[in-house]
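Geometric and topological summary
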Amino acid sequence: MYIALNWLKELVDCQLDPETLAQTLTLAGFEVESIEDRSTWADGVVVGRVLTRIQHPNADKLSVCTVDVGGEEPLQIVCGAANVRAGIHVAVATVGTYLPKVDLKIKPAKLRGEKSEGMICSLSELGLTKDSEGIYIFGESEHPDTPAIGTDVRPLLGLDDVILDLSSTANRADALSMVGIAREVAALTGGALKLPTVDASPIANQPQLTVNVSEVQACPVYSATLIEGIQIAPSPDWLQRRLQAAGIRPINNVVDVTNYILLEWGQPLHAFDAAKLQAISGSQTIAMGVRLAEKGESLKTLDGQARQLNVQNLLITASATPVALAGVMGGESTEVSTGTQNIVLEAAIFDPVAVRKSARSQGGMRSEASTRYERGVNFAELETATHRAIELIIQLAGGKIVCQDISDRRPNITLQPRSINLRLERLNQILGPIDDDGEPGEITTEDVERTLTALGCQLTATLNDKEETVWDVVVPPYRYRDLEREIDLIEEVARLYGYDRFMDTLPSESAAGFLSLDEELLRQIRAAFRAVGLNEVVQYSYAIEKLNNGSQVEIINPMFTEYATLRSELISGLIQSFQTNLAQGNGALPGFEISKIFGRDETGLTETDVLAGILGGDAGIGRWTTGGKPQPLTWYEAKGMLDSVCHSLKIPVEYQAVRSDPKLHPGRTASLWLQGQKLGYFGQLHPQLRQEKDLPAAVYVFQLNLDPILNYLADEERLVPVFKNYSTYPASDRDLAFFAPIELSLADIQKSIAKAGGELLEAVEVFDEYRGANVPDGQRSLAIRSIYRAPDRTLTDADVEPLQQKIRDVLVEKFRVTLRS
């Protein structure tokens, strides 16, 4: 928000220079991003009187003027403005003046053969407006008495001001107003507040104006005031200057007053043309209402856009017809124009959530009003802001108050103010020691009472059972939204006392930091996946595809309509990332992600930590050995990468064939198991899905539950590596070939062989598989190598053959295989 220093000083006694004030506000939590000294915009510009004006002899659109600026001799100035004439008082930039807004240094010059010793200025050249139709003339608007010749124009045009560009945190809605900042400055500096006095006497109600609010929660209070007999005209210069300093374009006296009150009190207002409301209603009675939009309705707003409304839009209506988007923007059909004679002035409190939803549903629509409503407008000062606006409208536009109707369902915070207990011991415990002339000290009761009283709080001190000071703090109504708990009051004390006054030394004893066990294990898992060439991916937690099975968790206030649910699996996001990288020419992206997925079950909402990954494409850099053709990963190569990770982490994963997932190839998908507990799945993408996504020939994905893996790795017996003696004696291996049914699980075969081989069996390896000629239908030929080794001797045939025969017997009896050797 832009803060004009001259306006601020009308509201609070402040003797600080702009730089000191900016530093004070910044240290108190209100960052001042820039300081704009407007006095530099017209340094050297003075009031001059045009004595004569003649046509330039060599240019039709130029005039040659003699101008008295209070010097010994009048200046000759060539001017191109159409409204220049003799006898007027104007702003003159003398020779040597620099005008930063147009980046122009005034020098003596000749224009079409005539000398020019200065420049008669327009408001745009002084930085007050973007465009000007001609030069500025004193005495025609704000200054009925023409100023003295040679006078500095800056005080006359409001250019003796300094503008602070101030940003506030989201919880400080009161800081989006001049009154709110004035209160803050008063608390920080001890200056006296000088807020405008307003007569908030009740206004009579009449049947010709009624208010009906059907959405009481979204609109706790709505006030409509009928004012007749006004005259629309440009606002006086002082009002226009203040709006322009805040970045708001002046329109007319009525609209400018509503914007002025928005800046002064933080209360958005809106003025409707009463005659247009009556025309919409088809009656002399104006029936204002507040309701949610119905599907299919539309409204053309003041920015000229025709907006299709939805059920999230809160509307202001006239006899049920939409005339404004509540809390965001008015409608074009009822705007105040030059022919307006009667107005209805709206003042309301809208729920922040309702306004935010309404604005976002219209493509992120924002306005000065919605910015304040989304943060929360002050409940208690609605009447003050309304009557202040009415006074200014009558003062600047004439007219008289006819009637007012109010629908008021807001909580009565003035009769039931919020009370919070604040403990001195807790405050010092949270904030720590202060710097007391180089020695550590504590904040005293006097410090607490002084700072909170300056904020408008009322304090009553008592002693608890431990003889410790406890205050009952009554929060002022204008801080009702952000002072809710004890910790909020502690923050306020720290902020006003000064963060820079606390000790900046660390405690004398400190413990070394450490990683939690889960974090250490997660880092090991990440390192294992990076070691096999996978990149870690981080994605949004939103679902890319919306399912209709009711298992997804819907977001009440989504950032975007396409991200309205939380993801229930990670594979879809990984596929999209893989596809995007291919489309942008970055090649295949083998990646993995460790994150949460969300769902529903009979107990409610669930969160599950999972590990997912995607593999595929040609990971090689050069293809000269393959004739330029890509070499996609085979199923066994992809599975081998996952096996390598499991091997490095020492996780004994088992595979079982499955066909249940429609996204995966039915013959190339396996479920993964760890000690009888299902981890997840690994498989190749279904060819149809691969074709839809325009992916390479073979892409593989996996998704595993993370908790079983962490629980396995966190076992005390596995956390510390234990040295195991290795044998110095040679191994003895035996090969075994047999026909086995295709559907027979190789994992089951290996498990049975390992059990039959006993302690001497060191490893079981499959080194050949064949399907085709000379192999019975429905079967495959497998060749398995069994490796035997003893720790204390060289094995002989007498040691190995009985074990090998036991393995043959198990294969024949249990699996009904046909031995080939």
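The sections below set out a description of the structure shown in this document. (Residues numbered from 1 in each chain as written. Predicted model: local features only at pLDDT ≥ 70, side-chain atom pairs only at ≥ 80, totals over all residues. Heavy atoms only, no water.)

Considerations on the overall build of the chain
Scanning the chain from terminus to terminus reveals 21 helices and 42 strands. By the compact-globule yardstick of 28 Å for 821 residues, the chain is too spread out, its C-alpha radius of gyration being 40 Å. Here the chain holds 821 residues, and the buried ones make up 46% of them. Contacts in the chain between residues at least 24 apart in sequence constitute 67% of all its contacts with a sequence separation of at least 6. As displayed, the chain has an accessible area near 42,000 Å², and 48% of this comes from carbon and sulfur atoms. Here the chain contributes 77 positively and 111 negatively charged side chains, and the mean placements of these two sets differ by 7 Å. (Helix = DSSP H or I, 4+ residues; strand = E, 2+ residues; numbered from the N terminus. Rg over C-alpha atoms; globule rule 2.2 N^0.38 Å. Buried < 20%, exposed > 50% of the residue type's maximum accessible area, 1.4 Å probe, protein only. Contact = heavy atoms within 4.5 Å. Areas by Shrake-Rupley, 256 points an atom, 1.4 Å probe, with all protein chains shown as cover. Lys, Arg positive; Asp, Glu negative; His and termini not counted. Charge placed at Lys NZ, Arg CZ, Asp CG, Glu CD.)

Looking at the sheet that holds strand β41 (residues 779-788)
Hydrogen bonds between backbone atoms are what pair the strands of a sheet, whose relative direction is either parallel or antiparallel. Strands sit in the order β40-β41-β39-β42 across an open sheet of four strands; the sheet is antiparallel. Each edge of the open sheet carries a strand with a single partner, namely β40 (761-770) and β42 (818-819). (Pairing = 2+ DSSP bridges.)

With respect to a nonpolar patch on the surface
Side chains of Leu517, Leu719 and Val720 sit close together on the surface and give an oily, nonpolar patch of about 250 Å² of accessible area. Within the secondary structure layout, Val720 lies in the loop between α19 (716-719) and β39 (732-741). Val720 gets classed as exposed once you look at its relative accessible area, which sits at 56%. (Patch = residues over 30% accessible without salt bridge, like charges linked within 9 Å, V, L, I, M, F, W, Y side chains within 5 Å. Salt bridge = Lys/Arg side-chain N within 4 Å of Asp/Glu carboxyl O.)

Description of the layout of surface pockets
In this approach the atoms are scanned with a rolling probe the size of a water molecule, which exposes any empty space left behind. The space that makes up the largest pocket amounts to roughly 1,600 Å³. Only α16 (635-649), β35 (653-657), β36 (664-674), α20 (746-757), β40 and β41 provide two or more residues apiece to the lining of the largest pocket. There is about 830 Å³ of room inside the second largest pocket. The wall of the second largest pocket is formed by 30 residues, among which Val255, Asn259, His270, Leu302 and Met329 lie closest to the centre. When contributions to the lining of the second largest pocket are tallied by element, the ones reaching two or more residues are α6 (253-265), β16 (269-273), β21 (321-325), β22 (329-330) and α9 (368-375). Classifying every residue of the lining of the second largest pocket gives 17 nonpolar, eight polar and five charged. (1 Å grid on protein atoms, 1.4 Å probe; cavity = no way out; pocket = protein on both sides within 12 Å on 5 of 7 lines; lining within 4 Å. Points joined across faces, edges and corners; volume = space filled by probe spheres on them. Nonpolar A, V, L, I, M, F, W, Y, C, P; charged D, E, K, R; others polar.)

Details of empty space enclosed by the protein
Enumeration over the complete set of coordinates arrives at two cavities of 30 Å³ or more. Roughly 70 Å³ of internal volume is contained in the largest cavity. Of the residues forming the lining of the largest cavity, the biggest block, four residues, is contributed by α16. Lining the second largest cavity, in full, are Tyr2, Ala4, Trp7, Arg242, Ala245 and Ala246. At the level of secondary structure, the elements contributing two or more residues to the lining of the second largest cavity comprise β1 (2-4) and α5 (237-245). Taken together, the residues that form the lining of the second largest cavity break down as five nonpolar, no polar and one charged.

Brief notes about the packing of helix α14 (residues 517-531) against α16
Relative orientation of the contacting elements α14 and α16 amounts to 140 degrees, with a least axis distance of 9 Å. Considered as vectors, α14 and α16 are oriented oblique to each other. Where α14 crosses over α16, the two elements pack in a sense that is right-handed. From α14, Gln524, Ile525, Ala528 and Phe529 reach across to α16, where they touch Leu642, Val645, Ser648 and Leu649. (Axes fitted to C-alpha atoms, helices over the stretch in contact; angles between N-to-C directions. Parallel < 35°, antiparallel > 145°, perpendicular 65-115°, else oblique. Left-handed = near helix turned anticlockwise from the far one by under 90°.)

Quick notes on the sheet that holds strand β23 (residues 343-349)
Taken in spatial order, the four strands line up as β16-β23-β15-β24 in an open sheet, and their pairing is antiparallel. Unpaired on one side and paired on the other, β16 and β24 (398-408) mark the two borders of the sheet. Geometrically, the sheet is characterised by an average inter-axis angle of 20 degrees between neighbouring strands, direction not taken into account. As judged from the seven bridges shared by strand β15 (residues 221-230) and β23, these two strands associate in the antiparallel manner.

Focus: the packing of aromatic side chains
Following the criterion strictly, the structure yields 13 aromatic pairs and no others. Between Phe529 and Phe592, the ring centres sit 5.2 Å apart and the planes meet at 25 degrees, which makes this aromatic pair stacked. Placement of the pair is Phe529 in helix α14 and Phe592 in strand β33 (residues 591-601), with a sequence separation of 63 residues. Summarising the burial analysis for this pair, Phe529 and Phe592 share the class buried. (Phe/Tyr/Trp six-rings, centres within 6.5 Å; stacked < 30°, edge-to-face > 60°.)

Examining α5
Since one α-helical turn is 3.6 residues long, residues separated by three or four positions face the same way. Burial analysis of α5 places eight of its nine residues in the buried class, the great majority of the element. By the burial criterion, the buried members of α5 are Asp237, Leu239, Gln240, Arg241, Arg242, Leu243, Gln244 and Ala245. Residues of α5 that are buried sit in contact with β1, α1 (5-11), α3 (154-157), β13 (162-167), α6 and α10 (382-397). Immediately downstream of α5, the backbone of Gly247 shows phi near 85 degrees, a positive value.

As for the nonpolar core
If you look at the biggest cluster of nonpolar residues, it comprises 98 residues, and the most contacted ones within it are Leu8, Tyr222, Met288, Ile316 and Phe350. Examining the composition of this core, we find that eight residues originate from one element, α6, more than from any other. Ignoring sequence-local partners within four residues, the contact set of Phe350 consists of Ala218, Cys219, Pro220, Tyr222, Val290, Leu314, Ile316, Ala326, Gly327, Val355 and Tyr373. Among the nonpolar cores identified, the runner-up in size contains 35 residues, and Leu615, Leu642, Leu672 and Leu679 belong to it. (Core = buried A, V, L, I, M, F, W, Y, C linked by side-chain atoms within 4.5 Å.)

Considering the environment of Ile394
In this fold, Ile394 is placed in helix α10. For the pair formed by Ile394 and Gly229, sequence separation is 165 residues and the distance between their alpha carbons is 9.5 Å.

Considerations on helix α15 (residues 571-583)
The terminal C-alpha atoms of α15 lie 18 Å apart, and with 13 residues this matches the ideal 18 Å at 1.5 Å per residue to within 8%. Those residues of α15 that are buried lie in contact with β33, β34 (604-616), β37 (677-685), α17 (687-692) and β38 (699-705). Looking at the residues trailing α15, positive phi occurs at Gly585, about 80 degrees. (Expected span 1.5 Å × (residues − 1).)

Re a negative patch on the surface
A surface patch of like charges, here negative, comprises Asp435, Asp436, Asp437, Glu439 and Asp504. Among the secondary structure elements, Asp436 is positioned in strand β26 (residues 434-436). Given a relative accessible area of 45%, Asp436 falls into the partly exposed group.

A look at the pairing of strand β17 (residues 286-292)
Extensive coverage of β17 is indicated by the burial of five of its seven residues. When strand β14 (residues 209-213) meets β17, the two strands line up parallel, connected through five bridges. Of the residues in β17, the one forming a bridge with Thr210 is Ala287. With five bridges joining them, β17 and strand β20 (residues 314-318) adopt antiparallel strand pairing. Across the sheet, the residue bridging to Gly289 is Thr317, located in β20.

Concerning the pattern of salt bridges
The final tally for this structure, using the stated rule, is 43 salt bridges. Note that Arg523 and Glu519 form a salt bridge whose closest N and O atoms lie 3.1 Å from each other. Taken together, the residues Arg523 and Glu519, both in helix α14 and four residues apart, mark about one turn of the helix. Since its relative accessible area comes to 46%, Arg523 is described here as partly exposed.

Regarding unusual backbone geometry
Although it is not a glycine, Glu467 sits at a positive phi angle of roughly 60 degrees. When you line up the elements, Glu467 lands in the loop between β28 (458-463) and β29 (469-474). Among the residues examined, Glu467 registers a relative accessible area of 59% and is labelled exposed. The phi dihedral of Asp694 is positive, around 55 degrees, even though this residue is not glycine. Looking at the element boundaries, Asp694 is found in the loop between α17 and β38. Asp694 gets classed as exposed once you look at its relative accessible area, which sits at 65%.

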